[in-house]
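Working through the structure, step by step
Now for the letters of each chain:
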Amino acid sequence: MPKDTSIRSVLIIGSGPIIIGQACEFDYSGSQAALSLKEEGIEVSIINSNPATIMTDKVIGDHVYLWPLTVDSIEQILIERKIDAVLPTMGGQTALNLCKEAEERGVWEKYGVRVIGVDVAAIEKTENREAFRQLMIDIGVGVAPSKIANSFLEGKEAAQEIGYPLVIRPSYTLGGSGGGFVHKKEEFDHALQRGLEASPTHEVLVEKAVIGWKEYELELLRDSNDNVIIICSIENFDPMGIHTGDSITVAPAMTLSDRCYQDMRNQAIKMMRAIGTFAGGCNVQFSVNPDNDDIIAIEINPRVSRSSALASKATGYPIAKIASKLAIGYNLDEIENQITKTTSAYFEPTLDYVIVKIPRWNFDKFKGANMELGLQMKSVGEVMSIGRTFIEALQKACQSLEIGRAGLGADGKHNRSIEEIMHGLEHPSWNRLFLIKDAMTMGVPLESIRKVTKIDKWFLSQIQELVHLEVELKRYSLNNIPKDFFFTLKQKGFSDIQIAYLLGNVTEDEVYDRRKSLGIKRVYKMVDTCAAEFAAQTPYYYSTFEEENESIPTDNKKIIVLGSGPNRIGQGIEFDYSCVHGLLAAKESGFEAIMINCNPETVSTDFNMADKLYFEPVFWEHVREIIELEKPVGVIVQLGGQTALKMAEKLEENGIKIIGTSYNDMDVAEDRGRFSDLLKELEIPYPRYGVAENAEEAIIVAQEVGYPVLVRPSYVLGGQGMSIVINDEDLEKAVVKLLGDLPGNRVLIDHFLDRAEETESDSICDGEDVHIIGLMEHIEPAGIHSGDSSAVLPPFSLSEKVMNDMETYSKKIARALNVIGLLNIQFAVKDEKVYVIEANPRASRTVPFIAKAYDVPYINIAAKVMLGVNKLKDFTIERKLQGYAIKEPVFSFDKFPEVVKELGPEMKSTGEAIRFIKDLEDPYFRKLVKDKSMYLSK
């Protein structure tokens, strides 16, 4: 069936602020869907309250509403604009719940709006645990024994009937919120109460636990002709018992028998057909008994899921893009294959490589958190890697995590305590993968590890092979490693750093030079969806060690944009937003734009965004070889947060041009001593400070600058390791901990300006002129991380003198640092005196917020200034904000109920929302002002 021509305008509901359980993957899906519909000549409106995403940018939607995600907001849009259909499947559970609420209130019917991509009835069938359980029984799909409970008494009766261990699953929640395992009777009352409170309908499913069973996911698409295809099979490395968002996953499934896969495939199709007749996507999760291949269904999501973004990047099949076309009437055989451009979308992708996803956690931000993984999701982001084999992909994923690991072990960071290792294997946390390797290195038998972890023996045997290779490598010196063995090590994912560590007394560069002399270098393979059966047209690559290189460089002028890696607290989706605009600006300026990133959730790793995408770790060895192959004009590090910035020194050392502000000038801003000398020279006030390399030096510095002091490491983002201390004893503890967590770092000690207001500025400098992007006033005082504070644009209570000083200091610093591009400055204001706390010559987390508030494409402008194709005077900048915009931080403390919800100098928010107010009498704003008065009087 061709496109439904009666659909001329569509409203896409976004997912709102980033929270644990609902992150950047929905920004990717929503953006892809919007662009897909615009291709068809459909007018696209978007509602989403998240200013940090590319989805809420004018390059994505025709009309963007940065409004609260409520039914009232939706009704206001429907009054303003003629909308034919709503697509609620791209915004996670938030969008589905909102769609369902609007349906129940009769909004869609009142304004003649069709729901496309899903049936509202299907939402009820899948989210209502009892309805889902009964439907599965009716269609002959296995489920675990369970009972529904709407009260404490019903829950107790269900537990008595089913027996322990059991699982509590609240209805209508996201990321497993409120769910958990109950191993014994004494734990049940508390777990049941938490589950009932987490469910908006006060309903839980009490289910028999199948701990230790294997877990799988299938991604499906169906058209209006009832054709169903399986896009991808995904296997969880971790067995049942860990939320799939917190589990290492592998695609395609590695240990699934063909018979079991075909059975699972048939059941998934039957389930999708049973929940409704809609055209669109579905995610189905299954559990398999490892002893007899019995299959039970866990859940089905009638929407684009967290795994859909992963499956899209894993296969090259753009699920959200195709799902949105199916929703407007197309059938699969009428849609072009986005990779081959010569075949249709009616096919199931074939992979001749392996992908591995590893979640990224931020337990360090939640002091006292229960770090054991379970049914409630706790990770804040993820990385994906691609390799020819599972073990190569696994090592590359470890290199991508931004936790200082050079691969899976063999980097001097192993745990030597057998007690801690065995406890960590039994009680899984963020580091269990590394502890498995440590256990094997210490001689713990594979079978013992399998019994404790319930991880499939095949995966464990792959990791054990690394241990055998490491033992063999230690027999050699660098100059006598046989070429074949060296080649094998690289094929197994070993980085040059790991090989240097295992050999001892050898540097990474020496290993690199030696393998290059042997002719061992990376080649790049194309992600083509069809295992090379058809010619692919899309330049989407991963590296491996083989003979043939499929990435042929052009003679074009090229710019490489380094991505921001995994989403985490302090470095979120706003940096991916900046990277996307960097790519677009480079393409608009006549450059070939090349992206290097490893985050499957983001828009920057959509193969349509860059001229060439390398899905690789943002890890020096990988970046270096891409640069050697492509020979770019330069590399942009300003947009990818700390992940990209920390590459600047290596790029400088190797003579590679950094686009925009130079490495030396960035280092001046980062080096507290050099920066304070600069401020002194410019006659700009700053807090008294000192630098220390140990606790003894820190105490001397603190006595010189005066307590209270702010203690922090250099070269970090999101306030990592920051604390405010008031005496020598607390200072000594803080410094010892900080240097233990970040060895080799120096400690910065500033006098803390108590009861000061915090403000900030963002600006663009082209080397001559400076444009102030925005001045912001924080609600919370200095001492609470700027990312955790509500920020008001423009300032509402600062005096003219203070704002003039902020603007003057911003311009002075920008010129003194020779900034070419972006500059963010944090200020503290006390008694009308403006102090500079820090300056960051890079993209900040606030620029996307200001860009959306003023409706000005600031990152695009800054990128063109960096590239040297434009000066600021070339742009006509018109700000459109009427009233004020407020950036509201959003937290995920509900995932860590045991944690004290106290804010300080280390950032803890996972996302942000934007709110517009017309004047200062707005009730919401008055409450903020009241909070500010309370803070400053403390």
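Residues numbered from 1 in each chain as written. Predicted model: local features only at pLDDT ≥ 70, side-chain atom pairs only at ≥ 80, totals over all residues. Heavy atoms only, no water.

Notes on helix α8 (residues 188-198)
Put simply, the rule reads: Only protein chains enter the accessibility calculation, which uses a 1.4 Å probe. A residue is then buried if its area is under 20% of the maximum for its type, exposed if over 50%, and partly exposed in between. Working definition: helices are DSSP H or I runs of at least four residues, strands are E runs of at least two. Numbering for both runs from the N terminus. What the arc covers is the set of directions going from the helix axis to the C-beta atoms.
Of all the residues in α8, the buried ones are Phe 188, Ala 191, Leu 192, Gly 195 and Leu 196. Considered in projection along α8, the buried side chains sweep an arc of 130° and stay on one side of the axis. Residues of α8 that are exposed and point over 90 degrees away from its buried face: His 190 and Glu 197.

Section: unusual backbone geometry
Of the consecutive residues Tyr 164 and Pro 165, the connecting peptide bond is found in the cis state with omega at -5°. Along the chain, Pro 165 falls in the loop between α7 (152-162) and β7 (166-170). Omega for the bond connecting Leu 793 with Pro 794 falls within 30 degrees of zero, at -10°, which places this linkage in the cis form. With respect to the element layout, Pro 794 can be found in the loop between β29 (791-793) and α28 (800-816). Located in the positive-phi region is Glu 402, a residue other than glycine, with phi close to 65°. Inspection of the secondary structure assignment puts Glu 402 in the loop between α12 (390-400) and α13 (418-426). Taking relative accessible area as the criterion, Glu 402 reaches 16% and is therefore assigned buried. Even without being a glycine, Lys 631 presents a positive backbone phi close to 50°. Of note, Lys 631 is situated in the loop between α21 (620-630) and β22 (634-636). The exposed category is assigned to Lys 631, whose relative accessible area is 63%.

Observations regarding the pattern of salt bridges
Stated precisely, the cut-off is as follows: Salt bridges are counted wherever a side-chain nitrogen of Lys or Arg sits within 4 Å of a carboxyl oxygen of Asp or Glu.
Summed over the entire model, instances satisfying the criterion amount to 58 salt bridges. Here Lys 367 and Glu 906 are joined by a salt bridge, their closest N and O atoms 3.5 Å apart. Note that Lys 367 is positioned in the loop between β15 (354-360) and β16 (381-387) and Glu 906 in the loop between β32 (884-890) and β33 (911-917), a separation of 539 residues in sequence. Beyond isolated ion pairs, a larger network of salt bridges with shared partners links Asp 352, Arg 388, Lys 525, Glu 546, Glu 548 and Glu 550.

Considerations on the pairing of strand β23 (residues 689-692)
As a reminder, the rule being used: Here the rule is simple: two strands pair whenever DSSP picks up at least two bridges between them.
Side chains of β23 alternate between two faces, with Gly 690 and Ala 692 buried and Tyr 689 and Val 691 left unburied. Here β23 runs beside strand β26 (residues 747-751); their pairing, made up of 4 bridges, is antiparallel. Within β26, the residue paired with Tyr 689 across the bridge is Asp 750.

Some thoughts on the environment of Thr 315
As a reminder of what qualifies: It only takes one pair of heavy atoms within 4.5 Å for two residues to be counted as in contact. Between N or O atoms, a polar contact is any pair within 3.5 Å; within protein, one atom must be a potential hydrogen donor and the other a potential acceptor, and residues adjacent in sequence are included only when both atoms are from side chains.
Turning to its location among the elements, Thr 315 is positioned in helix α10 (residues 306-315). If sequence neighbours within four positions are ignored, Thr 315 has contacts with Ile 231, Cys 232, Pro 349, Leu 351, Tyr 353, Val 527 and Thr 529. A polar contact of 2.7 Å, which involves the side chain of Thr 315, links it to the backbone oxygen of Ala 311.

A look at the side chain of Gln 462
With respect to the helices, strands and loops of the structure, Gln 462 is situated in helix α16 (residues 457-473). Accessibility expressed as a relative area gives 16% for Gln 462, which makes it buried.

Thoughts on the environment of Val 64
Assignment of secondary structure puts Val 64 in strand β3 (residues 63-65). Given a relative accessible area of 19%, Val 64 falls into the buried group. As a C-alpha pair, Val 64 and Lys 833 span 769 residues in sequence and 39 Å in three-dimensional space. Not counting the four nearest positions on each side in its chain, Val 64 is found in contact with Ile 46, Thr 56 and Asp 57.

What to know about the packing of helix α24 (residues 663-670) against helix α25 (residues 672-682)
Basically, it comes down to this: Axis angles are defined between N-to-C directions and span 0 to 180 degrees, where every axis is a line fitted to C-alpha atoms and, for a helix, only to the segment in contact. Throughout, the term roughly parallel applies to angles under 35 degrees, roughly antiparallel to angles over 145, roughly perpendicular to angles from 65 to 115, and oblique to all others. Polar here means any residue outside two lists: the nonpolar Ala, Val, Leu, Ile, Met, Phe, Trp, Tyr, Cys and Pro, and the charged Asp, Glu, Lys and Arg; Gly therefore counts as polar.
Remark: α24 packs on α25, axes separated minimally by 5 Å, with the N-to-C direction vectors making an angle of 90°. Here α24 lies roughly perpendicular to α25, going by the angle between them. Each of Asn 664, Asp 667, Val 668, Ala 669 and Glu 670 in α24 lies in contact with α25, whose residues at this interface are Arg 672, Arg 674, Phe 675 and Leu 678. Within the contact of α24 with α25, the residues separate by chemical class into 4 nonpolar, 1 polar and 4 charged.

Considerations on a nonpolar patch on the surface
Using the following cut-off: Surface patches are defined over residues having more than 30% relative accessible area and no salt bridge, joining like charges when they lie within 9 Å and nonpolar side chains (Val, Leu, Ile, Met, Phe, Trp, Tyr) when within 5 Å. The Shrake-Rupley method, run with a 1.4 Å probe sphere, supplies the accessible areas, and residue values consider only the shown protein chains as cover.
A cluster of nonpolar side chains, Met 371, Ile 403 and Trp 430, forms an exposed patch at the surface whose accessible area comes to about 260 Å². Using a relative accessible area of 32% as the deciding quantity, one classes Ile 403 as partly exposed.

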